[in-house]
Amino acid sequence: LAGGDLVVRHGRLFAMAGAVPWRGAERGRLAAVEDGSVAVVAGRVAYAGADQDLPASLRALPTLEAGGRAILPGLVDCHTHVPFAAWRADEYAARLAGATYADQQRGARGGLRGIARSAAQLRAASDEEVLAFSRRRLEETLAAGTTTVELKSGYGGDGAGERRSLRLMAALGSQTPQLTVRTGLFLHARPAGSDRAAWLNEVLGALLPEALSGGELDAVDAFVEEVAFNLDEAAALLTAAQAAGLDTHLHAEQLAPSGAAAWAASHGVTSVDHLDHLDAAGVRALGRGDTVAVLLPGATFLAGRGETPPLDDLLRAGAAVALASDLNPGTSPVASLPEMVALACRAWGMAVDDAVAAVTLNAAAALGRSTEVGSLRPGMRGDLVLLDGDELALLAYRLGPAAVATVVAGGQVVVHEGRLGAPGPKAS
Ligand SMILES: [Zn+2]
């Protein structure tokens, strides 16, 4: 972490320094320090609390005046499909006209559609083209306040393509001020002409061990659905990854109930994502276990047909709920976490405090990174956002990235009053 030194003073500070994750009896109102400050030294939080108690030595740091506006931890996007190479807006138009996502994924109406099409688009693009397109996507997330972003492979199309995606993810990580977390979504779609068993053998026998020895992975993921892989196949990958110390995720219960979430909750899986068709047994299992329930409002609204994940049931059962963008060209072409907050609050009745915790504290937990990001405590990354006012509700109200004025990553100002890459504050 190439860290900066900075103190942000006189803001309404939401440090989110309570219990992690935000769930069950821990929920309620997020606590604010009305005249708060955050000091960052060498990229790490050195102080977060009342301005009057800011140590004298930290008052000499380069200073950014918050002017009473809300200070939050940098937002954490725990589920994206960057890198990818092109949009698929025509498929969205076809869904608006009556096609279903599952039919498109099966190629039911002919032509290359769904994940296979993104794989072909990725293959047709040069490394430089993919990196330029994907960097632009990461800049969109950054402008909307995301300072930690998960990247997934899964559009590689075959073993060589997946290896290339891992290399591109590493390159992207070195080209953004954001903390990037790398997930191998090796069970997304089987390569053309290969059967699922042969592909699983290649993943377990070659792809995963190579990625582990190269230090290229933080986590693995699998798409459990009738149009993708079954739970036994996913379990084989996740169990092997857990044995190697990786975090694990599942795309689960998006198109139909499968029992994947309940299995995940009893097998130490870090997160289960989507959950539009989660059943009551799955809700109970996530309420008892430590697996984070990641809801993806973008995909629910842009790919679904009116289904709604059982948010209230999950919260009542005590589950830890996170929100993420699912930024991808097929089902959620949206980079802005504030937009996800707005959708969840307006359409699902999520409380603003729960939604803000869902893109900070709980999203960090969904990546296994709660000791590094998602709240502002001494020693954690100096990542924070300044909203364009003092109310958390701005994130639900502005319907997009404009609620976020200024973004600090590792103690460096990377978005200043809505402008990317603006120069940081001068020493005072
Ligand atoms: Zn996804």
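Residues numbered from 1 in each chain as written. Predicted model: local features only at pLDDT ≥ 70, side-chain atom pairs only at ≥ 80, totals over all residues. Heavy atoms only, no water.

## Focus: the packing of helix α5 (residues 159-174) against helix α6 (residues 196-213)
Part 1 of the reasoning: Remark: α5 packs on α6, axes separated minimally by 11 Å, with the N-to-C direction vectors making an angle of 30°. Taken together, the axes of α5 and α6 lie roughly parallel to each other. Considering how the two elements wind past one another, α5 and α6 form a crossing that is right-handed. Counted together, Gly159, Glu162, Arg163 and Leu166 of α5 and Trp199, Glu202, Ala206, Leu207, Glu210 and Ala211 of α6 form the full contact between these two elements.
Part 2 of the reasoning: The class makeup of the residues in the contact of α5 with α6 is five nonpolar, one polar and four charged. (Axes fitted to C-alpha atoms, helices over the stretch in contact; angles between N-to-C directions. Helix = DSSP H or I, 4+ residues; strand = E, 2+ residues; numbered from the N terminus. Parallel < 35°, antiparallel > 145°, perpendicular 65-115°, else oblique. Left-handed = near helix turned anticlockwise from the far one by under 90°. Contact = heavy atoms within 4.5 Å. Nonpolar A, V, L, I, M, F, W, Y, C, P; charged D, E, K, R; others polar.)

## Some details on helix α9 (residues 280-288)
Part 1 of the reasoning: Of all the residues in α9, the buried ones are Gly282, Val283, Ala285, Leu286 and Gly287.
Part 2 of the reasoning: Next to the buried residues of α9 lie α8 (260-265), β11 (271-274), β12 (292-295) and α11 (311-317). (Buried < 20%, exposed > 50% of the residue type's maximum accessible area, 1.4 Å probe, protein only.)

## With respect to the packing of α6 against helix α7 (residues 231-243)
Working note: a packed helix pair is described by the angle between its axes plus the distance between those axes.
Part 1 of the reasoning: Closest axis-to-axis distance for the α6/α7 pair is 11 Å, and the angle between their directions is 5°. Judged on the interaxial angle alone, α7 and α6 are roughly parallel. Within the contact between the two elements, α6 uses Arg196, Leu200, Val203, Leu204 and Leu208 and α7 uses Glu233, Ala236, Leu237, Ala240 and Ala241.
Part 2 of the reasoning: Tallied by class, the residues present in the contact of α6 with α7 amount to eight nonpolar, no polar and two charged.

## Thoughts on the pattern of salt bridges
Where side chains of opposite charge bring their charged atoms close, a pairing between them can arise.
Part 1 of the reasoning: Inspection of the entire model under this criterion finds 24 salt bridges.
Part 2 of the reasoning: The partner of arginine 106 in a salt bridge is aspartate 103, and the shortest N-O contact between them spans 3.1 Å. Placement of both arginine 106 and aspartate 103 in helix α2 (residues 101-106) is noted, with a separation of three residues, approximately one turn of the helix.
Part 3 of the reasoning: One salt bridge connects glutamate 150 with lysine 152, and the closest N-O pair in it is separated by 2.8 Å. Like lysine 152, glutamate 150 is buried.
Part 4 of the reasoning: Salt bridges linked by common partners bring Arg88, Asp90, Glu91 and Arg117 together as one network. (Salt bridge = Lys/Arg side-chain N within 4 Å of Asp/Glu carboxyl O.)

Such coordinate-based values are descriptive only and should not be taken to indicate function.
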